[in-house]
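Next come the chains, spelled out residue by residue.
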Amino acid sequence: MGEGAAEQDKAGKAQGQREGQRRLAQWVRDYRRLPGIPDEFLGPDGAPRAVWSRFFNAFGALAPDEVERRFGMADRHLREAGVTYRAPGDSADRPWSISHLPLLIDEADWKQLSDGITQRAELLELVLRDIYGEGRLVAEGALPAGAIAGSPEYLRPVCGVPPPGGRYLSLYAADVGRGPDGRWWVLGDRTQAPSGAGYALENRLVLSRAFSDLYKSMNVPRVAPFFEAFRDSLRGRADRDEPRIGVLTPGSFSETYFEHATLARYLGFLLVEGDDLAVSDNRIHIRTVAGLKRLDVLLRRVDSNSLDPLELDASSHLGVPGLIDVLRKDGVVVANMPGSGVLEARALLGFLPALSRRLLGEELKMPHIATWWCGQRSARDEVLSRLDEVAIEGAYRRGVPGFDSNGPVLASELDAAGHQRLVDAISARGMDYVGQEVVRLSTMPVWEQGQLTPRPFVLRVFAAATPDGWAIMPGGFCRIAEQADARAVSMGDGARAADVWVVSDKKVSTASLLPATDKVRIRRIAGVLPSRAADNLFWLGRYLERAEATLRLVRALGSPSGPNKGTAASLQSAERIQRLLVTWGAISQTSRAAPGRIVAEALQSPERFGSALSLVRSAQRTATSLRERLSPDAWQVITEMAERLSYEVEDDDSVLSAAELTLQELASFAGLAQENMNRAAGWRFLDIGRRTERAINTARFARQFAYDEAGDEDLDILLTLVDSQITYRSRYLLAPILAPVRDLAVLDSYNPRSVAFQVATLNEHIAALPSLKEHGLIEQPQRLAVAVQSMLATAEAEKLEVKTLFALEQDLLSLAEAIGLHYFPHGPNASRPEKLTGLA
Amino acid sequence: MIYDIRHVTTYEYESPVSFARCTLRLEPKDGNGQELISHKVEIRPRPSERHVRRDFFGTLTESIVIEAAHRNLRIDSRSRVSVERKPPAREAVSPPWESVRDIAFEATSLGPSSPVGYVFASPLVPVLRPVSAYAAESFASGAGILAGAVDLMHRVRTEFRYDPKATVISTPLNEVFDKRHGVCQDFAHVMIAGLRGLGLPAAYVSGYLRTIPPAGQPRLQGADATHAWVSLWCGAELGWIDFDPTNDLLVANDHIVLAVGRDFSDVSPVDGIIVGSPKQKLGVAVDVLLVD
């Protein structure tokens with residue numbers, strides 16, 4: 001850079017700074033604080049706090065359209081990465097919505113907060129040890145028995161069972177908010193299976209990319225070291241080196257499934273469901289394509305009561321029968337230990353200050369929201385006497401017993417009858433209720449149409465147990481409420497999330513100390529492939545290949561150079577294509593009467609299970625269960641195809657161009673898989689699915705279009721369908737003739753679209769897969785694949801009969817079935833564990 | 001009184017079952033007016049794993065694993081038990097129920113016999129306002145706990161219809177209560193729900209009844225299967241007293257206790273999962289013969 005340019009640059013910067021200051025002043029003027037409520041951005045004097053003014057000075061220097069561009073970038077990233085959550089009762093995922101401004105927390109302030117959380121995590125660990133162990137706190141009157149016994153999370157089957165790995169809490173989270181006194185207050189403890197850490201990671205990734213320069217200049221500590229410490233600590237908890245660790249998820253219908261997949265991929269753990277696991281030899285094992293493999297640690301996202309139908313909720317299908325017994329035998333580490341959720345009971349909150357003095361010899365560093373448990377007479381009387389001033393909550397879980405509300409019940413909002421009912425309920429069974437102080441928590445700025453607006457928020461802070469004490473994630477999961485009371489915020493209410501930046505006061509001198517952005521640490525998925533994942537990969541491959549075949553048929557039927565020229569022969573060819581589409585469920589029998597609609601129907605009818613749209617959606621559904629194994633690019637391609645196909649098309653031309661574009665995307669997905677997917681067993685199953693489906697379809701096309709009397713036109717269609725026009729023409733320089741076409745489509749093992757090529761590839765894959773053989777005999781999939789391959793190798797095109805083609809197709813179908821039975825024994829068709837009928 | 005008990009549970013499966021993991025709670029309790037003289041369980045096919053432990057409630061729990069393919073499972077339990085109980089008279093004087101409720105909640109133990117563990121909703125027994133209100137009619141202010149519980153038991157016996165076909169194990173409590181019918185298990189659950197609704201500690205008891213009644217007395221309802229009733233903590237002095245709402249009586253020497261828990265889910269005599277056959281036929285035969 002020349003001197004002049006440097007001068008210019010400097011001048012530009014100065015101008016930017018002035019502009020930033022001007023905008024900040026404007027935002028401050030327009031910011032309407034909620035009356036009587038503290039705010040993060042503006043102090044009591046109405047001036048912006050230091051961290052925020054640093055942030056907005058820099059932020060304001062960005063031109064307005066630049067700001068919008070970056071916000072758009074963040075949104076696009078979220079959409080493309082497919083970050084979603086699912087609200088209870090939703091049948092589809094909702095896109096994640098992020099507030100584009102981070103919550104800023106000053107370093108000194110953060111230090112206090114994290115000290116408070118550290119102390120609290122340690123205290124809760126000690127309380128759990130006592131409750132499930134010696135029971136001295138209850139025996140000596142420090143903790144009322146009822147505050148524990150009433151919780152559905154007090155798990156009697158694990159009483160007296162020391163937690164394998166030595167800890168109850170591996171990951172703890174607290175929901176906090178800033179109270180009117182300016183201190184951080186604990187609103188609730190999350191000890192069961194805290195969610196949100198994965199979303200926090202995703203929020204950070206998005207925001208640090210969109211505002212990388214700003215992020216850099218604010219000296220924000222990365223969150224990656226926290227996750228590394230957490231992972232290493234779980235590893236260290238196992239009783240062997242190189243342990244196998246699984247994230248136990250309820251499945252893809254779970255509201256936070258995306259997060260489970262994110263964590264599994266980020267931490268390099270296996271994503272498993274209860275069905276994937278089995279108890280054997282007092283250990284937990286995972287069903288893989290190579291048989292049962294020991295699993296050492298389970299990071300669970302399934303609630304305790306659903307973990308073992310034998311000893312806990314008998315109706316649950318999410319757990320593993322016998323898991324609790326394995327815990328008794330010290331055979332698996334479960335994080336957090338089942339039963340840890342008992343500490344989420346609000347009934348306990350009031351006792352923690354005394355427990356802290358007793359167990360830690362210290363005062364609690366962080367206050368929590370004032371709570372009166374009505375199981376105690378004095379507290380009950382207090383609550384009843386101030387009923388209109390407090391919020392009533394359930395003592396042990398979310399929801400107020402006897403009232404249909406997910407959040408707190410406010411007596412002041414009830415009618416006279418409701419009010420009386422509340423008084424009666426608390427008088428009769430006070431132990432089920434707590435009264436909580438109604439606290440006005442602080443607000444933070446959100447961006448709305450170029451302006452800043454204050455909104456209440458709740459911050460979830462995470463602590464991970466490590467051998468060196470508790471590690472606190474610098475940052476956290478912030479949810480912004482649209483309503484005034486932030487305590488009831490859950491993502492289901494349409495709330496937005498925000499990234500959380502801990503900001504240092506000190507300007508850091510050397511930028512090199514700062515990593516540019518939080519980078520995802522790519523790790524290889526652990527070496528085993530669960531049978532369920534293999535099953536899903538197999539079907540993903542098949543669905544996509546079937547979609548491709550359907551699109552090729554659509555294209556052949558609809559293209560102007562295709563068989564729609566009105567001659568008898570072309571009518572017959574069209575008839576054949578339509579028949580295939582009917583058999584595949586892409587069009588209905590009746591729509592054959594209305595040829596104009598056929599191509600559109602086969603392309604995008606949501607009612608036809610075999611339409612290209614339905615097939616791509618099936619692929620998408622299957623891919624959802626594979627999130628931790630697919631690259632974001634691959635996921636994005638599938639999403640785009642599903643979107644494109646669901647736009648209604650008007651005329652044949654747009655049908656064709658949609659088909660064309662989708663075919664290109666299918667090719668790019670295939671390319672991604674080929675070039676980017678790890679060559680572990682997972683890729684093989686995707687490819688096995690694709691090859692199997694392609695072999696079946698090609699055999700079927702050959703039978704349909706290369707029958708004994710087939711004319712030019714049908715043979716030509718076959719060459720198009722199997723994408724072998726160019727090869728044929730370069731080889732034969734002739735109009736299509738039966739035997740060479742058959743050879744090319746079926747027997748030629750050098751043609752990557754031929755049946756023989758697919759079967760040869762299948763054989764390679766099967767030979768490379770781990771053997772499960774118990775008798776030393778050749779296994780069924782291999783037996784069938786080898787037989788088909790030798791048949792194809794020895795057949796002669798001139799003597800090939802249609803009935804042989806038909807037999808070939810049947811053999812390939814048997815091969816597909818044999819692969820399923822052999823590698824996915826607990827797939828959708830297999831026998832699930834059934835409950836024994838109970839006695840009446 | 002000494003009884004010989006034979007309790008045979010059979011499952012017939014429509015298709016072969018390749019794997020079974022079961023939990024058995026078949027050993028009668030030892031203690032509290034009952035002495036276990038002998039006990040033996042035979043299982044066919046023979047399990048590949050068997051181990052016993054005491055569960056939280058002190059019940060001997062046997063876990064078994066069967067890995068051989070089978071179409072029938074037969075669990076044959078034989079016990080010899082001596083019973084000697086002296087229940088209070090129905091009219092006996094007892095402390096006011098409110099004081100029992102308050103003292104129960106003050107208990108400083110989470111152990112299995114601590115009353116505080118039995119005042120809350122449990123997996124099969126929710127606390128429901130209508131059921132609590134129903135029970136409250138038996139407990140006037142200051143009434144003796146025994147008198148109140150006897151009255152509630154009597155009302156359940158007379159106002160509910162015994163109908164083995166009306167309910168299955170999964171019939172929810174509110175349905176049993178609304179329709180006023182069910183079997184011993186349902187009556188026990190309803191009575192427990194009512195008592196807990198008032199804050200009283202009530203437990204669920206599973207066990208047996210003698211098959212042939214003493215001369216001149218009617219055969220008790222539920223005698224040829226496993227039976228269920230209610231145990232209520234009646235204050236420090238009286239302790240746990242058992243009430244049989246199906247037969248409207250305070251439990252004496254015709255009942256043999258198998259297990260005690262918060263509700264059926266804690267005491268289920270045979271429980272488990274199998275891999276193989278969704279269709280299954282359950283048979284239960286119980287014989288309780290007076291030896292001496």
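Definitions and cut-offs
- Residues numbered from 1 in each chain as written.
- Chains lettered and ligands numbered in written order.
- Predicted model: local features only at pLDDT ≥ 70, side-chain atom pairs only at ≥ 80, totals over all residues.
- Buried ≥ 20, exposed ≤ 12 C-beta atoms within 10 Å, placed from the backbone.
- Helix = DSSP H or I, 4+ residues; strand = E, 2+ residues; numbered from the N terminus.
- Pairing = 2+ DSSP bridges.
- Axes fitted to C-alpha atoms, helices over the stretch in contact; angles between N-to-C directions.
- Parallel < 35°, antiparallel > 145°, perpendicular 65-115°, else oblique.
- Contact = placed C-beta atoms within 7 Å.
- Nonpolar A, V, L, I, M, F, W, Y, C, P; charged D, E, K, R; others polar.

Asker: So what exactly am I meant to see when it comes to the pairing of strand S9 (residues 202-209) of chain B here?
Answerer: Residues and elements named next belong to chain B. Burial of S9 is extensive: 8 of the 8 residues sit out of reach of the surface. Pairing of S9 with strand S10 (residues 227-233) involves 6 bridges; the strand directions are antiparallel. If you follow Ala 202 over to S10, its bridge partner there is Leu 232.

Asker: What should I look at first to understand the packing of helix H2 (residues 129-136) of chain B against helix H5 (residues 184-197) of chain B in this one?
Answerer: Angle between the axes and distance between the axes: these two values describe a pair of packed helices. Residues and elements named next belong to chain B. For the pair H2 and H5, interaxial distance at closest approach is 8 Å and the crossing angle is 85°. Taken as axis vectors, H2 and H5 run roughly perpendicular relative to one another. On the side of H2, the interface is formed by Val 131, Ser 132, Tyr 134 and Ala 135, while H5 contributes Val 190, Ala 193, Gly 194, Leu 195 and Gly 197. Grouping the amino acids of the contact of H2 with H5 by side-chain chemistry returns 6 nonpolar, 3 polar and no charged.

Asker: When you look at the sheet that holds strand S1 (residues 2-17) of chain B in this model, what are you seeing that I'm missing?
Answerer: Residue and element names in this part refer to chain B. Taking strand neighbours across the sheet as the criterion, the 4 strands line up as S3-S6-S1-S15 in an open arrangement whose pairing is antiparallel. Sheet topology places strand S3 (34-44) and strand S15 (280-290) at the edges, where each strand pairs with a single neighbour. Along the sheet, successive strands turn relative to each other by an average axial angle of 10°, direction set aside. As paired elements, S1 and strand S6 (residues 70-83) share 12 bridges and run antiparallel to each other. Among the inter-strand pairings, Arg 6 is bridged to a residue of S6, identified as Arg 78.

Asker: Would you take a moment to explain the interface of chain A and chain B for this structure?
Answerer: A common way to report how large an interface is uses the accessible area buried once the components associate. With 34 residues of chain A in contact, the opposing surface of chain B contributes 40 residues. Broken down by secondary-structure element, the contributors of at least two residues to the side of chain A that touches chain B are helix H5 (136-139), helix H6 (145-149) and strand S23 (833-835) of chain A. The element contributing the most residues to the side of chain A that touches chain B is H6 of chain A, with 4 residues. Across the side of chain A that touches chain B, the residue classes break down as 18 nonpolar, 10 polar and 6 charged.

Asker: Please explain the sheet that holds strand S12 (residues 333-335) of chain A as it appears in this structure.
Answerer: For sheets, the rule is that strands pair by backbone hydrogen bonds, running either parallel or antiparallel. Residue and element names in this part refer to chain A. One open sheet holds the 4 strands; their spatial order is S7-S6-S11-S12, and the pairing between them is parallel. With one partner strand each, in any of the chains shown, strand S7 (270-272) and S12 form the two edges of the open sheet. Geometrically, the sheet is characterised by an average inter-axis angle of 25° between neighbouring strands, direction not taken into account. In this structure, strand S6 (residues 245-248) lies alongside strand S11 (residues 297-300), joined through 4 bridges in parallel fashion. Residue Gly 246 lies in a different strand from S11, and its bridge partner there is Leu 298. The strands touched by helix H10 (residues 257-267) within the sheet are S6 and S7, with S7 carrying the most contacts at an inclination of about 150°.

Asker: What should I look at first to understand the environment of Trp 240 of chain B in this one?
Answerer: All names here are of chain B. Take Trp 240: it is sitting in strand S11 (residues 240-244). On a C-alpha basis, the gap between Trp 240 and Pro 115 in space is 8.9 Å, while along the polypeptide they are 125 residues apart. Not counting residues within four places of it along the chain, the set of residues in contact with Trp 240 comprises Ser 231 and Trp 233.

Asker: Any chance you could explain unusual backbone geometry here in plain terms?
Answerer: With the exception of glycine, most residues fall at negative phi, and the peptide bonds are largely trans. Following Ala 335 of chain A, the chain continues into Asn 336 of chain A via a peptide bond in cis, with omega recorded as -10°. Tracing the sequence through the fold places Asn 336 of chain A in the loop between S12 and helix H12 (352-360). With an omega dihedral of -5°, the bond running from Arg 44 of chain B to Pro 45 of chain B counts as a cis peptide bond. Relative to the helices and strands, Pro 45 of chain B resides in the loop between S3 and strand S4 (49-54). The backbone of Asp 281 of chain A shows a phi angle near 50°, a positive value even though the residue is not glycine.

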